[in-house]
Amino acid sequence: MITTTDLTKVYRSRGREITALDGVDLHVREGEVYGVVGQSGAGKSTLIRCVNLLERPTSGTVTVAGQDLTALAGRGTRAGSALRKARTGIGMVFQHFNLLSSRTVRDNVELPLEILGVSGKQRTRKAQELLDLVGLADKAKAYPAQLSGGQKQRVGIARALAGDPKVLLSDEATSALDPETTRSILQLLRDLNRQLGLTVLLITHEMDVVKSICDSAALMRDGRIVESGAVAELLATPGSELARELFPVGGELPGTDRTVVDVTFHGEAATKPVISQLARTYNIDISILGAAMDTVGGRQVGRMRIELPGPFEENVVPIGFLREQGLQIEVASGAEAALRAANDGNPIKPANPIKPTEPTELTKEGAK
Ligand SMILES: Nc1ncnc2c1ncn2[C@@H]1O[C@H](COP(=O)(O)OP(=O)(O)OP(=O)(O)O)[C@@H](O)[C@H]1O
Ligand SMILES: [Mg+2]
């Protein structure tokens, strides 16, 4: 539904060049909710503004609903009429709502319809329908100043839907809201996604947002997408940074005489008593260093960081046992972690395994 190919954006200001986007290939499927996360300055807002050509990319292409927007863009900053038309199929929701304070709620929602040249009666009917859809039917005549933050964002969403878009873009739509209001706005976006088949591309810095409503996600850093995919698949990807952030297990990595294993439970595997079976079968003591249960992408997932006595070589069989139970296993310390890194194309060779850092003199002293 949304595809960007080798998208770059270079800002030039006061003789300096800032590469805000550095070859971004994004692919958002029709009907999904896609979240982009990343630190401040990673290029998230630039990316979303390039998707509807509010910002003109320096190079690369943007295709939305099969239409190459970069080809429609026209010259200069003025959008050509073809681009303006294409944009009506892309709604946008903003962090600070961007409502006009002198207009009533309904008039705010009517604004894009006025620009589209829709007649007065039709406009009013459509605006009323949209306000109904976002749960604000009774606020049509109120002014933005009379609304709560959550209500203002509902108006912002109704306005974004005025042109019957196929795609909704949202840049930090909930970051000015309290947690409870955030939840209700996210639920609204999810409902609209399901009811209207709306494809949603949203930007957030909150992992909870990704957890609660995104089907897919991408992590941006320094203008690049460094990881992306379906949330459920990311969780099943060894070494995934997004999975770790979505689902932190905590727990310190110990010295070389122990093996730390991160276990991820999905679906049926979550209900089996595997840890006690493991302890009994191999007669080993298992310590739980950290654990969490959560719903990610609408599915129950559990994660646990456990510690087995002895180095990795002594735990090959118990780890094999865990894998056989259909659990996803990632060895967080020891030789296998190094091997895995080598297999992923990392220059570290298996003959030269990563050793957890030696405790410093200070901590050794402290332990005495
Ligand atoms: N109009 C502009 N002129 C010059 N530099 C810009 C402009 N807009 C953004 N940048 C720079 O581009 C980079 C990416 O900015 P962007 O706003 O896309 O980041 P972001 O990921 O949305 O960050 P945040 O989470 O803080 O909103 C930053 O280094 C920023 O300073
Ligand atoms: Mg931003």
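Thresholds, definitions, all that
- Residues numbered from 1 in each chain as written.
- Chains lettered and ligands numbered in written order.
- Predicted model: local features only at pLDDT ≥ 70, side-chain atom pairs only at ≥ 80, totals over all residues.
- Near = placed C-beta within 6 Å.
- Helix = DSSP H or I, 4+ residues; strand = E, 2+ residues; numbered from the N terminus.
- Nonpolar A, V, L, I, M, F, W, Y, C, P; charged D, E, K, R; others polar.
- Buried ≥ 20, exposed ≤ 12 C-beta atoms within 10 Å, placed from the backbone.
- Expected span 1.5 Å × (residues − 1).
- Arc of directions from axis to C-beta.
- Core = buried A, V, L, I, M, F, W, Y, C linked by C-beta atoms within 7 Å.
- Pairing = 2+ DSSP bridges.
- Axes fitted to C-alpha atoms, helices over the stretch in contact; angles between N-to-C directions.
- Contact = placed C-beta atoms within 7 Å.
- pLDDT = per-residue confidence, 0-100.

In the annotation of an unreviewed UniProt entry, the protein is listed under the name Methionine ABC transporter ATP-binding protein and assigned to Streptomyces milbemycinicus.

## Let's talk about the site of ligand 1
Around ligand 1, the structure places 13 residues, and the nearest of them are Tyr11, Ala20, Ser40, Ser45 and Thr46. Elements supplying a minimum of two residues to the shell around ligand 1: strand S1 (2-13), strand S2 (16-28) and helix H1 (44-51). Per-element accounting of the shell around ligand 1 gives the leading share, three residues, to H1. Of the residues contributing to the shell around ligand 1, the split by class is four nonpolar, eight polar and one charged.

## With respect to unusual backbone geometry
Phi is positive for aspartate 6, close to 45°, though the residue is something other than glycine. Mapped onto the secondary structure, aspartate 6 falls in strand S1. Assessed through the 13 C-beta atoms surrounding it within 10 Å, aspartate 6 is described here as partly exposed. Here phenylalanine 97, not a glycine, exhibits a phi torsion of approximately 65°, which is positive.

## Side note on helix H7 (residues 179-196)
Helix length check: H7, at 18 residues, gives a terminal C-alpha distance of 25 Å against a target of 26 Å (1.5 Å per residue), a fit within 8%. Every buried residue belonging to H7 is among Thr182, Ile185, Leu186, Leu189 and Leu192, and all of these are buried. The buried residues of H7 all sit within an arc of 120° when viewed along its axis, so they share a single face. Across from the buried face of H7, at angles greater than 90 degrees, the exposed residues are Glu180, Gln187, Arg194 and Gln195. Glycine 197 sits one or two positions beyond H7 and adopts a positive phi of about 65°.

## Focus: the environment of glutamine 300
In this fold, glutamine 300 is placed in strand S13 (residues 299-309). Sequence separation between glutamine 300 and phenylalanine 265 is 35 residues, and the spatial gap between their C-alpha atoms is 8.5 Å.

## Describing the nonpolar core
Ranked by internal contacts, the top residues of the largest apolar core, which has 82 residues, are Val51, Ala158, Leu201 and Ala217. At five residues, S2 tops the list of elements feeding residues into this core.

## Some details on the sheet that holds strand S11 (residues 258-266)
What the four strands build is an open sheet, ordered S12-S13-S11-S14; its pairing is antiparallel. With partners counted over all chains shown, the strands left at the sheet margins are strand S12 (287-296) and strand S14 (328-331), one partner each. Going from strand to strand, the sheet's axes swing by 15° on average, the running direction of each strand aside. Across the sheet, helix H12 (residues 316-324) touches S11, S13 and S14, and the angle it forms with S14 is around 150°.

## Comments concerning helix H5 (residues 120-133)
The terminal C-alpha atoms of H5 lie 20 Å apart, and with 14 residues this matches the ideal 20 Å at 1.5 Å per residue to within 8%. Among the residues of H5, those classed as buried are Arg123, Lys126, Ala127, Leu130 and Leu131. Buried residues of H5, viewed axially, fall in a sector of 135°; they line one side. Away from its buried face, by an angle of more than 90 degrees, H5 presents the exposed residues Lys121 and Gln122. For H5, the secondary structure elements touched by its buried residues are helix H4 (105-115) and helix H6 (149-160). Note on H5: the residue one or two positions beyond its end, glycine 135, has a positive phi of about 80°.

## Quick notes on the confidence of the model for the protein
Across the protein, pLDDT averages 85, with 85% of residues at or above 70. This model gives residues 344-368 a pLDDT under 50, and the stretch forms 20 contacts once residues within four places in sequence are excluded.

## Here we look at the pairing of S1
Bridge count between S1 and strand S4 (residues 59-64): five bridges; the pairing is antiparallel. Looking across to S4, one finds that isoleucine 2 is bridged to valine 64. Inspection of the sheet shows S1 paired to S2 by 10 bridges, in the antiparallel sense. Bridged to serine 13 within S2 is arginine 16.

## Describing the environment of serine 276
One can find serine 276 in helix H11 (residues 274-282). The spacing of serine 276 and isoleucine 286 is 10 residues in sequence and 8.8 Å in space, taken between C-alpha atoms.

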